[in-house]
Amino acid sequence: MDLAYTPEEEEFRARLREWLATVLPTLPPKPSPQDWPARRAYDLGWQRTLYDAGYAQVHWDASPTTRLIFLEETEAAGAPYVGAGFVGLLHAGPTIAAEGTPAQRDRWLPPILRGEEVWCQGFSEPDAGSDLAALRTRARRDGDDYVVTGSKIWTSHAEIADWCELLVRTGPAAPKHRGITWLAMPMSAPGVVVRPLRTLAGSAEFAEVFLDEVRVPVANRVGEENDGWRVTMVTLSFERGTAFVGEVVACRRVLGELARTARENGRWDDPVLRRRLGRTNAEFRALWRLTQWNVSEAEASGGVPGVGGSVFKLRYSHARQELYDVAAEVLGVESLDLEQPWVLDRLSSLSYTIAAGTSQIQRNIVAERILGLPKGR
Amino acid sequence: MRFRLSGDQAALRAGVRELLARRFDGEALRAAVDVSGLDRELWRELGAAGFFALRVPEADGGVGLGLPEAVLVFEEAGRVLLPGPLVATHLAAGAVDGAAEGEVVVAGVDRGGLVEWLDEADVVRGDAAGAVALRSVDPLTPLHRVPGALPRAVDPVAVLLTAAEQLGTATRAGELAVQHARTREQFGQPIGAFQAVKHLCAQMLVRAETARAAVYAAAVTADPVDIAAARLLADEAAERGARDCLQVHGGMGFTWECEVQLLLKRAWVRARRGGGGAESEELLAVDLLA
Ligand SMILES: Cc1cc2nc3c(=O)[nH]c(=O)nc-3n(C[C@H](O)[C@H](O)[C@H](O)COP(=O)(O)OP(=O)(O)OC[C@H]3O[C@@H](n4cnc5c(N)ncnc54)[C@H](O)[C@@H]3O)c2cc1C
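Keep in mind that this is a model prediction, so the values were computed, not measured. (Residues numbered from 1 in each chain as written. Chains lettered and ligands numbered in written order. Predicted model: local features only at pLDDT ≥ 70, side-chain atom pairs only at ≥ 80, totals over all residues. Heavy atoms only, no water.)

S.K.: For this particular structure, what's the right way to read the overall build of chain B?
M.R.: Looking only at helices and strands, chain B has 10 helices and 7 strands in total. Referenced to the eigenvectors of the C-alpha coordinate spread, the extents of chain B come out at roughly 60 × 45 × 40 Å. Relative to its 290 residues, chain B shows a buried fraction of 53%. Counting only contacts in chain B whose residues sit at least 6 apart along the sequence, the fraction spanning at least 24 positions is 67%. Element-wise, carbon and sulfur atoms account for 55% of the exposed surface of chain B, whose accessible area totals about 12400 Å². Here chain B carries 30 positive and 40 negative side-chain charges, and the mean point of each set is 6 Å from the other. (Helix = DSSP H or I, 4+ residues; strand = E, 2+ residues; numbered from the N terminus. Buried < 20%, exposed > 50% of the residue type's maximum accessible area, 1.4 Å probe, protein only. Contact = heavy atoms within 4.5 Å. Areas by Shrake-Rupley, 256 points an atom, 1.4 Å probe, with all protein chains shown as cover. Lys, Arg positive; Asp, Glu negative; His and termini not counted. Charge placed at Lys NZ, Arg CZ, Asp CG, Glu CD.)

Rendered as structure tokens:
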């Protein structure tokens with residue numbers, strides 16, 4: 001066991017740190033969270049900056065450890081988050097890289113890397129959430145096109161996306177996992193209607209997407225027809241893998257800020273609160289170590305994150321909620337004021353035990369796939 | 001010992017529930033989110049029904065009932081998330097003209113320097129000079145904060161009535177969760193068939209029923225230590241209950257349109273009243289050595 005980084009990795013870190021120090025002060029101010037076009041432009045602009053400096057590909061080509069260092073350093077320096085680039089860089093892109101044809105890789109990957117196109121994820125449907133494989137959006141073959149009809153829900157970034165990684169049912173008669181196909185759908189296609197949905201924080205972070213006879217070229221299919229479930233599992237393992245590294249670093253920074261705020265407003269003198277902060281610190285230090293462990297495992301196994309992602313996601317999503325509950329204790333009455341950024345973060349932390357597989361589903365995965373307990377119905 | 005509702009108490013509760021179902025149903029709740037200000041007509045109707053005058057002696061024109069009845073009524077209010085400074089106005093009945101009848105709206109400066117519904121109030125008890133508006137996390141409770149407000153002594157009755165409201169909200173959270181667990185299907189069965197979901201719902205009931213016993217008993221004894229215990233249990237039942245309810249609802253629970261968010265946010269506001277639960281914890285700790 002060894003926690004030291006190699007000289008090459010340390011050199012990568014030093015170079016990156018130096019570059020961040022020069023480039024971050026030149027960035028434009030962050031746009032308002034409500035201004036979607038501005039957010040899109042800002043997030044893509046950052047990706048372009050990374051591209052020009054040779055860092056664009058780090059999510060895909062770099063070793064897991066290099067990726068870890070990248071995410072750690074960018075977050076620590078206060079660099080922008082992937083934001084609108086999330087699905088392209090962390091779901092759709094890696095899927096196309098792993099499963100796409102050379103022509104598909106040439107068409108879709110460079111614009112993602114250059115920060116030119118935004119992707120969204122059209123998986124969940126009103127009646128297919130935890131039971132994703134029950135999805136019913138139909139795709140019927142018509143010449144060189146699929147004709148797609150149905151609806152998706154909870155689609156993050158749908159309003160500003162150019163492309164949607166879409167799961168459709170092509171084999172209605174087959175067992176549910178075997179009749180699904182993965183398509184890249186242009187959001188500008190006729191028949192696509194996006195209706196924004198408001199979250200409990202008051203902003204429209206996700207949307208319903210209605211599809212009425214939308215024509216998607218067969219050439220936009222990644223993987224074989226009816227093989228979309230397997231293709232999807234590749235994507236989901238990325239989602240549950242290293243996607244949260246930056247967030248853990250960010251949470252640790254918030255924790256430090258909480259302690260300092262508590263010292264300033266006098267709450268630090270409350271030993272109950274002080275110890276709770278200490279316990280939360282233990283939690284996030286351990287989560288950081290678990291991240292390193294998972295990255296080492298991924299490195300040893302050739303890059304694809306495994307079930308360790310479920311362990312991490314379960315623990316992390318609850319730790320994040322606890323972090324912002326502690327923040328509320330530190331803030332006292334001000335924890336009821338939406339002008340306090342931590343209050344919005346507290347609200348959004350409530351989605352962590354639901355999005356990308358609920359905690360109940362993650363526990364089922366841990367029990368069945370890691371512990372080998374009998375499968376429930 | 002006959003620790004259960006009397007016939008009159010059960011009838012009172014049924015009457016209030018019926019009034020609120022008629023005048024403030026789920027649709028009215030959602031509509032209230034989009035308008036600012038209080039429904040004064042409803043306020044007067046509450047007054048006419050004795051909501052505020054409940055504990056004012058009959059000789060003074062009140063209903064002449066006690067804390068147990070008040071707790072039942074406030075539980076119903078908490079169940080439907082009835083908006084407005086209900087506790088402050090109820091406490092002002094008999095002391096502030098028009099409060100008992102629902103003719104005036106009374107706000108109060110809380111121990112933590114928090115004032116609910118300040119702009120809507122006709123009368124403010126306590127010194128609200130220099131109050132600044134917060135952007136309230138709860139769309140149905142406008143909040144102000146009085147910087148440097150001197151801590152005021154907490155009225156145990158206010159604490160108990162707040163606990164009763166929390167109890168109502170905890171109960172409602174459990175009902176909504178069970179309703180959703182029965183009807184929402186995934187993997188070809190109602191999600192309530194999965195033990196993970198069953199257990200969430202069962203825990204909600206256990207917390208709410210434990211809190212209920214504590215709240216009702218505190219209403220009978222009016223003992224400050226009983227009230228402190230009731231408060232802690234009820235806060236937990238409401239906050240945890242609303243969260244678990246959100247979890248049972250999945251993505252839908254995270255939306256603005258879903259009632260669950262309103263339960264959670266109101267529970268958060270109430271849990272901050274009187275400066276939070278710390279004082280109650282201290283009181284209960286000291287009680288052990290008494
Ligand atoms: C903020 C946010 C962003 C999202 N972004 C996207 C996106 O961009 N694209 C996309 O496709 N989707 C997205 N989602 C959807 C997300 O993946 C689903 O919400 C999630 O999979 C749960 O599905 P559901 O909402 O239908 O809840 P349900 O599946 O109805 O779950 C309801 C409850 O039942 C429980 N349950 C269900 N099945 C079982 C079981 N077998 N055992 C035990 N318990 C069970 C769940 O744990 C939950 O508590 C997003 C969700 C959120 C909250």
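Still more ground to cover, so stick around.
S.K.: So what exactly am I meant to see when it comes to the environment of Glu72 of chain A here?
M.R.: Residue and element names in this part refer to chain A. Tracing the backbone shows Glu72 in helix H3 (residues 64-76). If near-sequence neighbours (up to four positions away) are discounted, Glu72 is found in contact with Tyr5, Arg13, Val245, Val249 and Trp288. A polar contact is formed between the side chain of Glu72 and the side chain of Arg13, at a distance of 3.1 Å. (Polar contact = N/O pair within 3.5 Å; in protein donor to acceptor, adjacent residues only side chain to side chain.)

S.K.: Could you clarify how one ought to interpret the pairing of strand S3 (residues 145-156) of chain A in this entry?
M.R.: Put simply, side chains in a regular strand alternate between the two faces of the sheet. Residues and elements named next belong to chain A. Two elements, strand S2 (residues 138-142) and S3, share 5 bridges in a ladder whose sense is antiparallel. Along S3, the bridge assignment pairs Arg140 with Val147. The antiparallel hairpin formed by S2 and S3 contains 2 residues in its connecting segment, where Gly143 sits at a positive phi of about 65 degrees. (Pairing = 2+ DSSP bridges.)

S.K.: Before we go on, may I ask you to explain the sheet that holds strand S5 (residues 143-145) of chain B in this structure?
M.R.: Whenever strands of a sheet pair, they do so through backbone hydrogen bonds, lying parallel or antiparallel. Residues and elements named next belong to chain B. Ordered by their spatial adjacency, 3 strands build an open sheet running S2-S5-S4, and the pairing between neighbours is antiparallel. Looking at which strands have only one partner, the edges of the open sheet turn out to be strand S2 (114-116) and strand S4 (132-133). Pairing of S2 with S5 involves 3 bridges; the strand directions are antiparallel. For Leu114, the partnering residue across the bridge sits in S5 and is Arg145.

S.K.: Explain the nonpolar core to me, please; I cannot follow it from the model alone.
M.R.: One broad trend across soluble globular proteins is that nonpolar side chains are buried collectively. Counting 136 residues, the largest nonpolar core has Leu46, Leu82 and Val215 of chain B as its most contacted members. Examining the composition of this core, we find that 13 residues originate from one element, helix H6 (residues 156-183) of chain B, more than from any other. Not counting the four nearest positions on each side in its chain, Leu82 of chain B is found in contact with Leu20, Phe24, Leu42, Leu46, Phe51, Ala77 and Arg266 of chain B. Counting residues in each nonpolar core, the second largest holds 28 residues, with Ile96, Leu132, Leu167 and Ile180 of chain A among its members. (Core = buried A, V, L, I, M, F, W, Y, C linked by side-chain atoms within 4.5 Å.)

S.K.: Is there a simple way to explain the packing of H3 of chain A against helix H7 (residues 245-265) of chain A in this structure?
M.R.: Packed helices, taken two at a time, are described by the angle their axes make and the gap between the axes. All names here are of chain A. Running from amino to carboxyl end, H3 crosses H7 at an angle of 35 degrees, the nearest separation of the two axes being 8 Å. For the pair H3 and H7, the crossing hand works out as right-handed. Taken together, the residues of H7 that come into contact with H3 (itself represented by Leu68, Leu71, Glu72, Glu75 and Ala76) are Val245, Gly246, Val249, Ala250 and Arg253. In terms of residue class, the contact of H3 with H7 is built from 6 nonpolar, 1 polar and 3 charged. (Axes fitted to C-alpha atoms, helices over the stretch in contact; angles between N-to-C directions. Left-handed = near helix turned anticlockwise from the far one by under 90°. Nonpolar A, V, L, I, M, F, W, Y, C, P; charged D, E, K, R; others polar.)

S.K.: Please explain the packing of aromatic side chains as it appears in this structure.
M.R.: Each aromatic ring pair is characterised by the separation of its centres together with the angle its planes make. A complete count under the given rule lists 19 aromatic pairs over all chains for this structure. Considering the side-chain rings of Phe187 of chain B and Phe194 of chain B, the 5.9 Å spacing of their centres and the 90 degrees angle between planes classify their relative orientation as edge-to-face. Residue Phe187 of chain B is classed as partly exposed on the basis of its relative accessible area, which comes to 33%. Taken together, Phe12, Trp19, Trp46, Tyr55 and Phe70 of chain A form an aromatic cluster joined through their ring pairs. (Phe/Tyr/Trp six-rings, centres within 6.5 Å; stacked < 30°, edge-to-face > 60°.)

S.K.: Looking at this structure, how should I read the site of the ligand?
M.R.: Neighbouring residues of the ligand: 29 residues in total, closest Ser130, Trp154 and Thr358 of chain A together with Arg184 and Gln247 of chain B. More than one chain approaches the ligand, the contributing ones being chains A and B. Gly251 of chain B places a polar main-chain atom, nitrogen or oxygen, 2.7 Å from an oxygen atom of the ligand. Taken by itself the ligand offers 970 Å² of open surface, and the protein chains cover 92% of this. Each residue belonging to the shell around the ligand can be placed in one class, and the counts come to 14 nonpolar, 14 polar and 1 charged. Counting only domains with at least three residues in the shell around the ligand, you end up with domain 2 (119-226) and domain 3 (240-370) of chain A. (Near = heavy atom within 4 Å. Domains from an automatic or database assignment.)

S.K.: Whenever I open this one, the domain arrangement of chain A confuses me. Can you help?
M.R.: How big an interface is tends to be expressed through the accessible area that disappears when the partners come together. Residues and elements named next belong to chain A. Split into domains, chain A comes out as domain 1 (7-114), domain 2 (119-226) and domain 3 (240-370). Computed from C-alpha atoms alone, the centre-to-centre distance between domain 1 and domain 3 is 23 Å. Here domain 1 and domain 3 share an interface that buries about 1100 Å² over both sides, 65% of which is from carbon and sulfur atoms. For the domain 1 face of the interface with domain 3, the top three residues by lost area are Pro64, Leu68 and Glu75, together amounting to 46%. Applying the counting rule to domain 1 against domain 3 returns 1 salt bridge. A salt bridge links Arg253 to Glu75, with the nearest nitrogen and oxygen atoms 3.1 Å apart. Viewed at the interface, domain 3 and domain 1 are joined by 3 residue pairs in polar contact (both at pLDDT 80 or more). Sorting elements by how many residues they give to the side of domain 1 that touches domain 3 places H3 first, with 8 residues. For the side of domain 1 that touches domain 3, the residue count by class is 6 nonpolar, 2 polar and 4 charged. (Buried area = accessible area lost by both parts, 1.4 Å probe. Salt bridge = Lys/Arg side-chain N within 4 Å of Asp/Glu carboxyl O.)

S.K.: Help me understand the UniProt feature "domain: Acyl-CoA dehydrogenase/oxidase N-terminal" (unreviewed entry) in chain B in this model?
M.R.: In the numbering adopted here, UniProt assigns the feature "domain: Acyl-CoA dehydrogenase/oxidase N-terminal" (unreviewed entry) to residues 8-91 of chain B. Here residues 8-91 of chain B runs as 63% helix and 0% strand, with 23 Å between its end C-alpha atoms. (UniProt positions renumbered as here; feature names shortened; annotations may be inferred.)

S.K.: Would you mind going over the UniProt feature "domain: Acyl-CoA oxidase/dehydrogenase middle" (unreviewed entry) in chain A with me for this structure?
M.R.: UniProt annotation of "domain: Acyl-CoA oxidase/dehydrogenase middle" (unreviewed entry) refers to residues 120-213 of chain A when read in the numbering used here. For the annotated span residues 120-213 of chain A, helix accounts for 0% and strand for 51% of the residues, and the straight-line distance between the end C-alpha atoms is 19 Å.

S.K.: Quick question: what am I supposed to make of helix H1 (residues 7-23) of chain B here?
M.R.: It helps to recall that an α-helix has 3.6 residues per turn; residues three or four apart then point in one direction. Residues and elements named next belong to chain B. Across its 17 residues, H1 extends 24 Å between first and last C-alpha, which sits within 8% of the 24 Å expected from 1.5 Å per residue. Turning to H1, its buried residues are Gln9, Val16, Leu19 and Leu20. Looking straight down H1, one finds that the buried residues subtend no more than 95 degrees of arc, so they occupy a single side. Opposite its buried face, H1 presents the exposed residues Gly7 and Arg22, each directed more than 90 degrees away. Buried residues along H1 sit against helix H3 (40-48) and helix H4 (67-79). (Expected span 1.5 Å × (residues − 1). Arc of directions from axis to C-beta.)

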